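# Descriptive analysis of the structure
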Amino acid sequence: MDFSELFKQTGQLCSISYNGMYLANAVQYKLIVRDYSTLQIVNLFTNLDAIQNIEWSPDSQFVMCVMKKRGLIQVWSLAEPDWTCKIDEGSAGLQAARWSPDSRHILTTSEFFLRMTVWSLVDKSVSYIKYPKDCQNGVDFTRSGKYMALAERRELKDCISIFTCSTWQLVKHFETETEDMAGVRWSPDGEVLCVWESSLSYKVLLYSLDGRLMSSYSAYEHALGIKSLDWSPSAQFLAIGSYDKKLRILNHMTWRCVTTFSHPTKLERKQKLVVYKECEEISKAETNEKFPEGPFFNTMTKYEICKDEVIHLTDVKPDPKKANPKVGPSQVAFSPDNRYVFSRNGMHALFLYSLLGYGVLVNVF
């Protein structure tokens, strides 16, 4: 295995372009863009201050450098290195920034979530959207890039506004039946908008594009609720991971649970499951191969099928004095063919489930 030389970087700011052709990394106030295949420097850009975040545009033609402390954003073009763009939020401050799907607009959120601003790189126009809600998943775009759903908080009530991304005009605005909305997520076909409550309660709401409530689902009450959520690529299933250490699958016909997967700490071979365990294969000192210096390259590992009759997984006991306990599936995702779904529980294990026969494959690391 061959390794490149080590390159300088600050803040672990390193990002690969969406087309896989370029690699960008930040060193203080400098942005270095390399060719991904040869690692040769393609462009070198100098910013006004230390970079705190970098993000590629979806078409990989632009790179956005965020400097939150100064409320400043600088955008650089790979096709036209002399072209410059500077966005200054001024006294409003800068909380977050992201690209729109068309790669020609940038969305910024001011401090204290007072407003969201849409900046155009084409005609320099600016649009303002009031009352964005302070939540981690408060903005989502349809896969086609035609619509944007925004979670809002107006007069102590949760609302959703749907905008068209071509003109940024409001298409639909409606209130939601939530007490404290945690996020919004479009289905892959753009027909259904999923809304869920904060972790204090278990509640999922499904809305149509015109704001009509299609269905709601709640697995239990009076306990911590939803921790992770994901649509299947076909939009036929919705996977919901919760703090009760279970993964529930909803179907798109009735929006009811069709199956529930658990995350046991005790596994037995008679359960017809396959368990892979990560093992140390060879140490750096036992081979003549050249490895980079550093603690991450001291050993090599491999995965082996565990043949023990009973396997006990390490369970993480939550601290009752701390918020956001590390229990339940923190990450959920479907395979591209909709046949499998994986979940990562609080323990050091990755569970892979089959939606056809409900089989289980466990990856322990």
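Analysis parameters
- Residues numbered from 1 in each chain as written.
- Predicted model: local features only at pLDDT ≥ 70, side-chain atom pairs only at ≥ 80, totals over all residues.
- Heavy atoms only, no water.
- Helix = DSSP H or I, 4+ residues; strand = E, 2+ residues; numbered from the N terminus.
- Contact = heavy atoms within 4.5 Å.
- Areas by Shrake-Rupley, 256 points an atom, 1.4 Å probe, with all protein chains shown as cover.
- Core = buried A, V, L, I, M, F, W, Y, C linked by side-chain atoms within 4.5 Å.
- Buried < 20%, exposed > 50% of the residue type's maximum accessible area, 1.4 Å probe, protein only.
- Pairing = 2+ DSSP bridges.
- Salt bridge = Lys/Arg side-chain N within 4 Å of Asp/Glu carboxyl O.
- Polar contact = N/O pair within 3.5 Å; in protein donor to acceptor, adjacent residues only side chain to side chain.
- Disulfide = S-S within 2.5 Å.
- Axes fitted to C-alpha atoms, helices over the stretch in contact; angles between N-to-C directions.
- Phe/Tyr/Trp six-rings, centres within 6.5 Å; stacked < 30°, edge-to-face > 60°.

### Here we look at the overall build of the protein
Of regular secondary structure, the protein possesses 0 helices and 32 strands. In terms of its C-alpha atoms, the protein occupies a principal-axis envelope of roughly 65 × 60 × 40 Å. Long-range pairs, those at least 24 residues apart, make up 39% of the contacts in the protein between residues at least 6 apart in sequence. In the form shown here, the protein has an accessible surface area of approximately 20,400 Å², with 50% of it arising from carbon and sulfur atoms.

### Focus: the nonpolar core
Of all hydrophobic cores here, the largest spans 17 residues; its most connected members are Ala239, Leu247, Ile249, Phe261 and Val341. When contributions to this core are tallied by element, the ones reaching two or more residues are strand 23 (246-251), strand 26 (273-283), strand 29 (331-334) and strand 31 (349-354). With 3 residues, strand 31 is the largest single contributor of residues to this core. With near-sequence residues (within four places) excluded, leucine 247 lies in contact with Ala239, Ile240, Gly241, Thr259, Thr260, Phe261, His263, Val332, Val341, Ser343 and Tyr353.

### Comments concerning the pairing of strand 30 (residues 340-344)
Burial along strand 30 is one-sided: the face carrying Val341 and Ser343 is buried and the face carrying Tyr340, Phe342 and Arg344 is not. Bridge count for strand 29 against strand 30 is 4 bridges, and the pairing is antiparallel. Paired with phenylalanine 334 across the two strands is valine 341, which belongs to strand 30. As consecutive antiparallel partners, strand 29 and strand 30 are separated by 5 residues, and within that stretch asparagine 338 has a phi angle of approximately 70°, a positive value. Strand direction decides the pairing type here: strand 30 and strand 31, joined by 5 bridges, are antiparallel.

### Concerning the pattern of salt bridges
One pass over the full model with this rule turns up 10 salt bridges. With its nearest N and O atoms 3.3 Å apart, the salt bridge here joins arginine 115 to glutamate 89. Here the residue arginine 115 occupies a position in strand 11 (residues 115-120), and glutamate 89 occupies one in the loop between strand 8 (84-88) and strand 9 (96-99), the gap between them amounting to 26 residues. The exposure class of arginine 115 is partly exposed, given its relative accessible area of 27%. With relative accessibility at 6%, the residue glutamate 89 sits in the buried group. Close ionic contact of arginine 154 with glutamate 152 constitutes a salt bridge, the shortest N to O distance being 3.0 Å. Overall, the relative accessible area of 0% leaves glutamate 152 in the buried class.

### So, the side chain of serine 343
Position of serine 343 among the secondary structure elements: in strand 30. Judged by its relative accessible area of 0%, serine 343 is buried. A distance of 2.5 Å separates polar atoms of two side chains, one belonging to serine 343 and the other to histidine 263. Residues within four places of serine 343 in sequence aside, it is in contact with Leu247, His263, Pro329, Gln331, Val332, Ala349, Leu350, Phe351 and Tyr353.

### Observations regarding the state of the cysteines
Using the criterion set out here, one finds 0 disulfides in the structure. Free cysteine cysteine 14: the closest other cysteine sulfur is in cysteine 65, separated by 13 Å. In this structure cysteine 165 is not part of a disulfide, and its nearest cysteine sulfur, from cysteine 135, lies 17 Å away. Here cysteine 165 falls in the buried class, since its relative accessible area comes to 6%.

### Structural notes on the sheet that holds strand 16 (residues 170-175)
If you trace the 4 strands from one edge of the open sheet to the other, you get 13-14-15-16, paired in antiparallel fashion. Looking at which strands have only one partner, the edges of the open sheet turn out to be strand 13 (139-141) and strand 16. Taking the axes of each pair of neighbouring strands and ignoring which way they run, one obtains an average angle of 20° across the sheet. Relative to strand 16, strand 15 (residues 157-164) runs antiparallel, the two being bridged by 5 bridges. Note on strand 16: the bridge partner recorded for phenylalanine 163 is leucine 170.

### Topic: the packing of aromatic side chains
By the definition in use, this model includes 10 aromatic pairs. Both rings, one in tyrosine 22 and one in tryptophan 56, keep their centres 6.1 Å apart while their planes meet at 20°; by these two values the pair is stacked. One end of the pair, tyrosine 22, is in strand 2 (residues 22-27); the other, tryptophan 56, is in strand 5 (residues 53-56), and 34 residues separate them in sequence. As far as the burial class goes, tyrosine 22 and tryptophan 56 line up, both buried. Consider the rings of phenylalanine 62 and tryptophan 99, whose centres lie 6.2 Å apart with planes at 35°: the pair is tilted. Highlighted residues: phenylalanine 62 in strand 6 (residues 62-67) and tryptophan 99 in strand 9, separated in sequence by 37 residues.

These figures capture arrangement, not role.
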